[in-house]
Amino acid sequence: MSYTSRNDRYSSMKYNRCGNSGLKLPAISLGLWHNYGDVDAFGNQRDMLRRAFDLGITHFDLANNYGPPPGSAEENFGRMLKGDFAAYRDEMVVSTKAGYTMWAGPYGDWGSKKYMTASLDQSLKRMGLDYVDIFYSHRPDPETPLEETMGALNLAVRQGKALYVGLSNYNAEQTRKASAILKALGTPCLIHQPKYSMFERGIENGLQDVLQADGIGSIAFSSLAKGLLTNRYLNGIPSDSRAAGSSPFLSAQAITDEVLSKIKHLNSMALERGQSLAQMAIAWVLREGRVTTALIGASRVSQIEDNVAALNNLAFSQEELLRIEEILK
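Read on for a plain summary of the structure. Keep in mind that this is a model prediction, so the values were computed, not measured. (Residues numbered from 1 in each chain as written. Predicted model: local features only at pLDDT ≥ 70, side-chain atom pairs only at ≥ 80, totals over all residues. Heavy atoms only, no water.)

## Brief notes about the nonpolar core
If you look at soluble globular proteins, the nonpolar side chains tend to sit buried side by side. Residues Leu30, Phe60 and Phe77 are the most contacted members of the largest nonpolar core, which totals 90 residues. When residues of this core are assigned to their parent elements, the largest contribution, eight residues, is made by helix α8 (residues 277–285). Core analysis: the next-biggest nonpolar cluster, separate from the first, contains eleven residues, Leu23, Ile134, Leu190 and Leu295 among them. (Core = buried A, V, L, I, M, F, W, Y, C linked by side-chain atoms within 4.5 Å. Buried < 20%, exposed > 50% of the residue type's maximum accessible area, 1.4 Å probe, protein only. Helix = DSSP H or I, 4+ residues; strand = E, 2+ residues; numbered from the N terminus.)

## Describing the environment of Lys113
Topologically, Lys113 is positioned in helix α3 (residues 113–127). Setting aside residues up to four positions removed in sequence, Lys113 forms contacts with Glu148, Gly151, Ala152 and Leu155. (Contact = heavy atoms within 4.5 Å.)

## What to know about the pattern of salt bridges
Side-chain pairs of opposite charge can arise whenever the charged atoms involved come near each other. Using the criterion set out here, one finds 18 salt bridges in the structure. Measuring nitrogen to oxygen at the nearest pair gives 2.9 Å for the salt bridge that ties Glu325 to Arg201. Of the two residues, Glu325 sits in helix α10 (residues 318–328) while Arg201 sits in the loop between β8 (189–193) and α6 (207–214), which places them 124 residues apart along the sequence. Connected through shared salt-bridge partners, Arg201, Glu204, Arg287 and Glu325 make up one network. (Salt bridge = Lys/Arg side-chain N within 4 Å of Asp/Glu carboxyl O.)

## Focus: unusual backbone geometry
With an omega dihedral of -5°, the bond running from Gly67 to Pro68 counts as a cis peptide bond. Pro69 follows Pro68 through a cis peptide bond whose omega is -5°. Tracing the chain through its elements places Pro69 in the loop between β4 (59–61) and α2 (72–83). Backbone geometry places Trp110, a non-glycine residue, at a positive phi of 70°. Looking at the secondary structure, you find Trp110 in the loop between β5 (93–98) and α3. For Trp110, a relative accessible area of 31% gives the class partly exposed. Phi at Asn169 is positive, roughly 65°, even though this residue is not glycine. You can see Asn169 is positioned in the loop between β7 (162–168) and α5 (172–185). Taking the relative accessible area as the measure of exposure, Asn169 reaches 32% and is therefore partly exposed.

## Describing the packing of α3 against helix α4 (residues 146–158)
Put simply, α3 and α4 touch, their axes get as near as 8 Å, and they point 30° apart. One way to sum up the angle between α3 and α4 is to call them roughly parallel. Here α3 and α4 pass one another in a crossing that is right-handed. Contacts from Lys113, Met116, Thr117 and Leu120 in α3 reach Glu148, Thr149, Gly151, Ala152, Leu153, Leu155 and Ala156 in α4. (Axes fitted to C-alpha atoms, helices over the stretch in contact; angles between N-to-C directions. Parallel < 35°, antiparallel > 145°, perpendicular 65-115°, else oblique. Left-handed = near helix turned anticlockwise from the far one by under 90°.)

## Observations regarding α10
All of the buried residues in α10 are Leu321, Ile324, Ile327 and Leu328. All buried residues of α10 fall inside an arc of 120° around its axis, so they share one side. Pointing more than 90 degrees away from the buried face of α10 are the exposed residues Gln318, Glu319 and Leu322. (Arc of directions from axis to C-beta.)

See below:
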């Protein structure tokens, strides 16, 4: 069944300028970390991407190792680009990353120019693209000079394989140094992708200040704290949930009585605001304009629709913000 996007796809989405660049990103972006590998139903993947684009989501975030198996999310995304979105490529912002283990041996991990360059070439081939819009260093490499990793990002832009470059999982000092190197090379850092949510606020301890000072945008991942900031765990741990399984990202032991109490109090507040807990959590991440875009994940279309509806109420009173701080203590 052929796909034609809705004519009103830009009517309700909010777009924010990314740092000091000319690029605007949707306030909500879609990540393909989970649910887009070969182990997942391709039809559902396609339905989610179609709906996301119809809702004005133009930014799609990947990495070389997304799957499983690693690389399969890019391959499946490439199939959708060719089959559904070929006519819309210039309306899409596609990003990918390199930095985590991708293949065996000394050249398939971390941040060497050898690995970064080869990984990007492989990513472009999997997606059927001539270039990506954003290419990230996925994590800092403690054994490779920062100048080399940043040089690889600069090379990608010089070769026309990426339009912009970004960092992910770099702390404030690492980001400051990396940004200075990139500026000197003539390829300024566009964006930083940190973990950020009501339950994970490390970026407030210096990183956000560095980003603001250097004119770097930000895209917050795990804004829903691995699903904790949704209605999923309000009544305990469902048997089919991530926490009930063997996921390395969320264990049942992490969902303590104290955490559950916070979730329930936050949920009550969200209901008072006319929002779901997930919607309020996304709105909170986007508060005050310090985050360019919130990166969401989804396993079904309805989750994307619910998350995008967070944009209907982004405002918080000072009293509400103080109340959230009290809950989170």
